[in-house]
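This is what each chain is made of:
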Amino acid sequence: SLASRGTRELPGLVLGLVFGTWNIVVSILAPLMDDTPLTLASFYGPMFTAWGVAGGAAYRRTRRLPRAALSGATVALVTFTVLTAIVITRVNLSLDVMSQRPDWLNLVAQFDESGFDSFRLYVNYVYITGTPFKLAVATAIGGAAGLVGGLISALWASGVPGDGPSGVTVAR
């Protein structure tokens, strides 16, 4: 229903704005910070967890694991759509500084061989053409996180007397 779709999209919008803001603040405070594994885990870990929580909430509402996965995937898709738009905007507003980041060395080197006359145009091309793949990966991760959240909710519900029907409904 439209109401249940909105319950998946609004959290994605909020999460996209929160993580986009986080991305901008970190870029202002530490513009040359490299994307190390620890940095990436501290950014994406809470995001993936939120997608799992969305799946758990969907399972608690519907008692259906496919709905949990769908909720996680939808929240992830909306989150990453908003985040990607904010990141592309941030990159365009701070392109001179971004081009000095250690994790941009390959992008700068590839520009020299790209045939593009404008570095800004090349960076936008790379970011925009990479967006469908990033959205697909984020959506898949969101679906998996939502499913895990749904499974955790199902196990919790089945182990707590009086907390609703026990068992897991796998299909509608």
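Residues numbered from 1 in each chain as written. Predicted model: local features only at pLDDT ≥ 70, side-chain atom pairs only at ≥ 80, totals over all residues. Heavy atoms only, no water.

### Examining the overall build of the protein chain
Counted only if it meets this: Secondary structure elements follow DSSP: runs of H or I of four or more residues count as helices, runs of E of two or more count as strands, with numbering from the N terminus. Throughout, exposure labels follow a simple rule: accessible area from a 1.4 Å probe, protein chains only, divided by the maximum for the residue type, with under 20% read as buried, over 50% as exposed, and the rest as partly exposed. Here the Shrake-Rupley method, with its probe set to 1.4 Å, supplies the accessible areas, and only the displayed protein chains count as covering residues.
From N to C terminus, the protein chain includes six helices and zero strands. For the protein chain, the N- to C-terminal ordering of α and β elements is α-α-α-α-α-α. Put simply, the protein chain has 172 residues, and 35% of those count as buried. For the protein chain, the exposed area adds up to about 9,700 Å²; of that, 70% sits on carbon and sulfur atoms.

### Let's talk about the packing of aromatic side chains
Condition: Classification of ring pairs uses Phe, Tyr and Trp, with its six-membered ring standing for Trp, and accepts pairs whose centres are within 6.5 Å; under 30 degrees between planes counts as stacked, over 60 as edge-to-face, and the remaining range as tilted.
In the structure shown here, the tally under the stated rule is 14 aromatic pairs. An angle of 80° between the planes, with centres 5.4 Å apart, marks the rings of phenylalanine 19 and phenylalanine 43 as edge-to-face. You can see phenylalanine 19 sitting in helix α1 (residues 2-29) and its partner phenylalanine 43 sitting in helix α2 (residues 37-62), a full 24 residues away along the chain. Here the two residues phenylalanine 19 and phenylalanine 43 agree in accessibility, since each one is buried. Three or more aromatic residues link up through ring pairs in this structure, and these residues are Phe19, Trp22, Phe43, Tyr44, Phe48, Trp51 and Phe80.

### Focus on unusual backbone geometry
At arginine 63, a residue that is not glycine, the phi angle is positive and equals roughly 60°. Topologically, arginine 63 is positioned in the loop between α2 and α3 (65-93). Overall, the relative accessible area of 18% leaves arginine 63 in the buried class.

### A look at the pattern of salt bridges
Put simply, the rule is: Basic side-chain nitrogens of Lys or Arg form a salt bridge, by our definition, when they fall within 4 Å of a carboxyl oxygen of Asp or Glu.
Enumeration over the complete set of coordinates arrives at two salt bridges. In this structure, arginine 101 and aspartate 103 form a salt bridge, with 2.7 Å as the shortest nitrogen-oxygen distance. Counted as one network, the salt bridges with shared partners bring together Asp35, Arg101 and Asp103.

### Concerning the confidence of the model for the protein chain
Under the convention used in this document: Each residue carries a pLDDT value, the predictor's own confidence for that position, ranging from 0 to 100. In what follows, a contact means two residues having at least one pair of non-hydrogen atoms within 4.5 Å.
Summary statistics for the protein chain give a mean pLDDT of 88 and a share of 87% for residues scoring 70 or more. Of all secondary-structure elements in the protein chain, the lowest mean pLDDT belongs to α1, at 83, while α3 reaches the highest, 96. Counting interchain partners and residues more than four positions distant, the pLDDT-below-50 stretch residues 161-166 has seven contacts.

### Focus on the side chain of arginine 101
Worth spelling out the cut-off: Polar contact criterion, stated in full: a pair of N or O atoms within 3.5 Å, where within protein one must be able to donate a hydrogen and the other to accept it, and residues adjacent in sequence count only if both atoms are side-chain atoms.
Among the secondary structure elements, arginine 101 is positioned in the loop between α4 (95-98) and α5 (105-114). Classification of arginine 101 by relative accessible area gives buried; the value is 7%. Among the polar contacts listed, one links the side chain of arginine 101 to the backbone oxygen of methionine 33, at a separation of 3.2 Å. For arginine 101, the side chain forms a polar contact with the side chain of aspartate 35, separated by 3.2 Å. The contacts of arginine 101, once residues within four sequence positions are left out, are Pro31, Leu32, Met33, Asp35 and Arg90.

### Remarks on α2
In an α-helix, one turn spans 3.6 residues, which is why side chains three or four residues apart end up on the same side. To keep things clear, this is the line we draw: Helices are assigned an expected span. That span is 1.5 Å times one less than the residue count. Two axes are fitted around each residue, one to the seven residues ending there and one to the seven starting there, and the angle between them is reported as the bend at that residue.
Compared with the 38 Å implied by 1.5 Å per residue over 26 residues, the 36 Å span of α2 between its first and last C-alpha is a close match. Its maximal kink placed at tyrosine 44, α2 deviates by approximately 30°, while the proline proline 46 follows within four residues. Looking one or two residues past α2, arginine 63 carries a phi angle of roughly 60°, positive in sign.

### A word on the nonpolar core
Taken as a class, soluble globular proteins show a tendency for nonpolar side chains to be buried jointly. Here is the rule: Put simply, a nonpolar core is a bunch of buried Ala, Val, Leu, Ile, Met, Phe, Trp, Tyr and Cys residues held in one set by side-chain atoms that sit within 4.5 Å of each other.
The biggest cluster of nonpolar side chains holds 25 residues, and the ones touching the most others in it are Trp51, Val91, Trp104 and Val123. If you list the elements that add at least two residues to this core, you get α1, α2, α3, α4, α5 and α6 (119-159). Not counting residues up to four positions away in its chain, the partners in contact with valine 91 are Met98, Trp104, Val123 and Tyr127.

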